[in-house]
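Examination of the molecular architecture
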Amino acid sequence: MTSDVHASAAPARRGGLARALLRPRTGGLGLLALVIALLPLALPNAYAYDVAINAGLNAIVCVGLNLLIGYAGQISLGHAAFFGLGAYASGILTTRYGWPAPGALAAGAVLVGVLAFAVARPVLRLKGHYLAMATLGLGVIISIVLNTESWITGGPDGLMLDDLTVLGWTLAGDHTWYGIVGVTLLLTVWLALNLIDSPVGRALRALHGTEIGAQVVGVDTAHYKVLAFVVSAVIAAVAGSLFAHYAGMITPGKAGFMKSVELVTMVVFGGMASTFGAIVGAVSLTVLPQLLVAFEDYESIVLGLIMIGTMVFMRRGLFVTLLDLAKSWRRS
Amino acid sequence: MTSTFLQFLFSGLTLGAIYALAGLGFSIIYNASHVINFAQGEFLMIGAMATVSLVGLGLPLELAIPLAVAIAAAVGVALARFAVVPAGDASVVTVIIITIGASILLRGVAQVVWDKEFHALPAFSGTVPISVLGATMLPQSLWVMGVSLAAILALGWFFGRTMAGKAMLAVSYSRLGAQLVGVPIRRVLLTSFALSAGLGAIGGIVVAPITFTSYEAGVMLGLKGFSAAVLGGLGNGLGAVLGGLVVGIAEAMSAGYLSSAYKDATAFVIILVVLFFLPNGLLGHKGSERV
């Protein structure tokens, strides 16, 4: 009798564990930490570290942007501007005004947060392509300002930064930066997953489903849209600050339209409304161009074909489609 | 004083005519499929670059231009057939990514087929400036305005008087309704891409002697065309023309009177201000959403 109970309980517990591992908040975060911790074993040289760090920084922005695009269902074609503003705030405040790096990073985040909050309401009142146009316009204007006001931004040549110094410690070198970006990515993912599982996340999903429906059941949709916009903008600003210190320089191109498009593409490529999909998208589209360099002149052709092909054949994105395939394969 | 103003107005009208053609391209495709085609600017580039090559091969302009327009239209149909139709009812963002992918692809192809250099097309009828009330104007500007006007009138005739045009309008009002009365939806979609690609190519070709062209020339032209279409109200042909002229003139004025560094920002400042107050553009309908 008792042995029966044990026999039936054990598979159930195993199933529970497997399910917990598949649940994003518990298993996914652990898995991600494991991957980040083990990846250095597979990174052969400084170049590979550089690609990994850039992929991590893009992933941070995309996890934030996914809250807006994937969950709240609002597109933004101007998020690179927030990334750029964060980067320039760090660059300008540390080099020209002698601020400590953490203070400059925080100031950049606050500045971008305030700016995003100020424009969010009128911008997010727009829908579909009009919203795409407005965010695109906002991004282009900011990047033109960064390009033009060279007395403070350095103009098209950009701005050089010193090494990141925190409380007298100078943080430099591939391994240190890999650690900083890895930990920041984990924190961002943890924040995003908690937000998604909270009442805020439910409100955002309701709003994505049907905005009027959500309003009818009492969701203050404008409030939640603004929230998702501001959170994603601030995350982008922080990633921008880190990027500027890591790269040692920032140019207006990093705030431009093409960078915004790249970020949205990463989110959609990996799979909307999936935090890990956003990471997969960011990593694959950061690594892909590095591999495509082998194609030389045909690089853009191959990139364009991959973008079209993925979106036509895996409409819901690479990660989400593969995950669904894996699930249905396990079931059968 | 008046002459400088006239000078800026002329260059604004020239620019505006091109933006209007690009904006019309956006509107035509939007009406037929509710797709925003971010590769629209590339059609302008393909038209201009193909003409440059064909002229380089020794063809006369009269022959090179129609051929280049046909090439662009064929590219448009291929884009619709192999990238937009297979996507079916995918979400707005997914289709935006597809057309952005297409624009990257087309720029890549242009880089391989042609090169990364800037190219100039010879002006159609000389470069001796014409003097108008103290301001000067290039003969090519007249070509730009004249050809744009002719294209817009031809479009008006096409949508108002021909069966194919009316079928396209029907699809824009109600896709299902049009399908029920036997309008071939798929052919309408392909035609709309051919039409707006051809229109874009014409714009790209007539402006090429003034602004030069390169494989990247389509990016900003496309974005300005998109602003023109949104400013006028998406899907509204007249609105796109009006939007294009507003954007072009404002850009020329701000370049002349304010700062040439910020001229590219003008279009987007206008669009933000207008959208903040009129969320559906200048001539757009106030839509209601079905739940």
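Since we're looking at a predicted model, the values are computed, not measured.

Notes on the overall build of chain B
A tally of regular secondary structure across chain B gives 11 helices and two strands. In chain B, the succession of α and β elements from N to C terminus is α-α-α-α-β-β-α-α-α-α-α-α-α. Against the globule reference of 19 Å for 291 residues, chain B gives a C-alpha radius of gyration of 19 Å, in line with a compact fold. With respect to the three principal axes, the spread of C-alpha positions in chain B is 60 × 50 × 35 Å. Sorting the 291 residues of chain B into buried and exposed places 52% on the buried side. Sequence-distant contacts, at least 24 apart, represent 75% of the contacts inside chain B between residues at least 6 apart.

Some remarks on the packing of helix α6 (residues 128-148) of chain A against helix α9 (residues 218-232) of chain B
Running from N to C, α6(A) and α9(B) point in directions that differ by 130 degrees, and their axes come no closer than 11 Å. When the interaxial angle is binned, α6(A) and α9(B) end up oblique. Note that α6(A) runs across α9(B); the crossing there is left-handed. Contact residues: α6(A) offers His129(A), Tyr130(A) and Met133(A), while α9(B) offers Phe226(B), Ser227(B) and Val230(B). Each residue belonging to the contact of α6(A) with α9(B) can be placed in one class, and the counts come to four nonpolar, two polar and no charged.

Points about the interface of chain B and chain A
Taken together, the contacts link 38 residues of chain B with 36 residues of chain A. When residues of the side of chain B that touches chain A are traced back to their parent elements, those giving at least two are α4 (92-113), α9 and α11 (263-277) of chain B. For the side of chain B that touches chain A, the element with the most residues is α4(B), which contributes 16 residues. Residues of the side of chain B that touches chain A, tallied by class, amount to 30 nonpolar, five polar and three charged.

Here we look at the nonpolar core
Membership of the largest hydrophobic core comes to 204 residues, with the highest contact counts inside it found for Cys62(A), Ile46(B) and Ala72(B). Looking at this core, the element that brings in the most residues is helix α11 (residues 221-247) of chain A, giving 17 residues. Discounting residues that sit within four places of it in the chain, Ile46(B) has contacts with Ile71(B), Ala72(B), Val75(B), Leu106(B), Ala110(B) and Ala201(B).

Describing helix α6 (residues 163-173) of chain B
Since the α-helix turns once every 3.6 residues, residues separated by three or four places project in the same direction. Residue and element names in this part refer to chain B. For α6, the complete set of buried residues consists of Ala-167, Met-168 and Val-171. Take α6 and look down its axis: the buried residues cluster within an arc of 100 degrees, on one side only. Buried positions along α6 lie against α1 (2-33), α5 (139-161), α7 (175-180) and α8 (185-211).

A few points about the confidence of the model for chain A
Any residue range with low pLDDT should be treated as having predicted coordinates unsuitable for detailed reading. Looking at chain A, pLDDT values average 85 and 92% of them are 70 or higher. Note on residues 1-13 of chain A: pLDDT under 50 across the span, and zero contacts to partners over four residues away in sequence or across chains.

Describing the packing of helix α8 (residues 174-197) of chain A against α11(A)
Residues and elements named next belong to chain A. Close contact between α8 and α11 brings their axes to 12 Å; oriented N to C, the two are set at 175 degrees. By the angle between their axes, α8 is roughly antiparallel relative to α11. Here Trp-177, Ile-180, Val-181, Thr-184 and Thr-188 of α8 come into contact with α11, specifically with Ile-235, Leu-242 and Tyr-246. Each residue belonging to the contact of α8 with α11 can be placed in one class, and the counts come to six nonpolar, two polar and no charged.

Considering helix α12 (residues 257-270) of chain A
In a regular helix each residue adds 1.5 Å, so 14 residues correspond to 20 Å; α12(A) covers 20 Å between its end C-alpha atoms and thus fits that length. Among the residues trailing α12(A), Gly271(A) stands out with phi positive, at a value near 135 degrees.

Comments concerning unusual backbone geometry
Non-glycine residue Ala273(A) carries a positive phi angle of around 60 degrees. Look at His34(B): it is not a glycine, yet its phi comes out positive at around 60 degrees. Mapping His34(B) onto the fold places it in the loop between α1 and α2 (40-56). Assessed through the 17 C-beta atoms surrounding it within 10 Å, His34(B) is described here as partly exposed.

How each quantity is defined
- Residues numbered from 1 in each chain as written.
- Chains lettered and ligands numbered in written order.
- Predicted model: local features only at pLDDT ≥ 70, side-chain atom pairs only at ≥ 80, totals over all residues.
- Helix = DSSP H or I, 4+ residues; strand = E, 2+ residues; numbered from the N terminus.
- Rg over C-alpha atoms; globule rule 2.2 N^0.38 Å.
- Buried ≥ 20, exposed ≤ 12 C-beta atoms within 10 Å, placed from the backbone.
- Contact = placed C-beta atoms within 7 Å.
- Axes fitted to C-alpha atoms, helices over the stretch in contact; angles between N-to-C directions.
- Parallel < 35°, antiparallel > 145°, perpendicular 65-115°, else oblique.
- Left-handed = near helix turned anticlockwise from the far one by under 90°.
- Nonpolar A, V, L, I, M, F, W, Y, C, P; charged D, E, K, R; others polar.
- Core = buried A, V, L, I, M, F, W, Y, C linked by C-beta atoms within 7 Å.
- Arc of directions from axis to C-beta.
- pLDDT = per-residue confidence, 0-100.
- Expected span 1.5 Å × (residues − 1).

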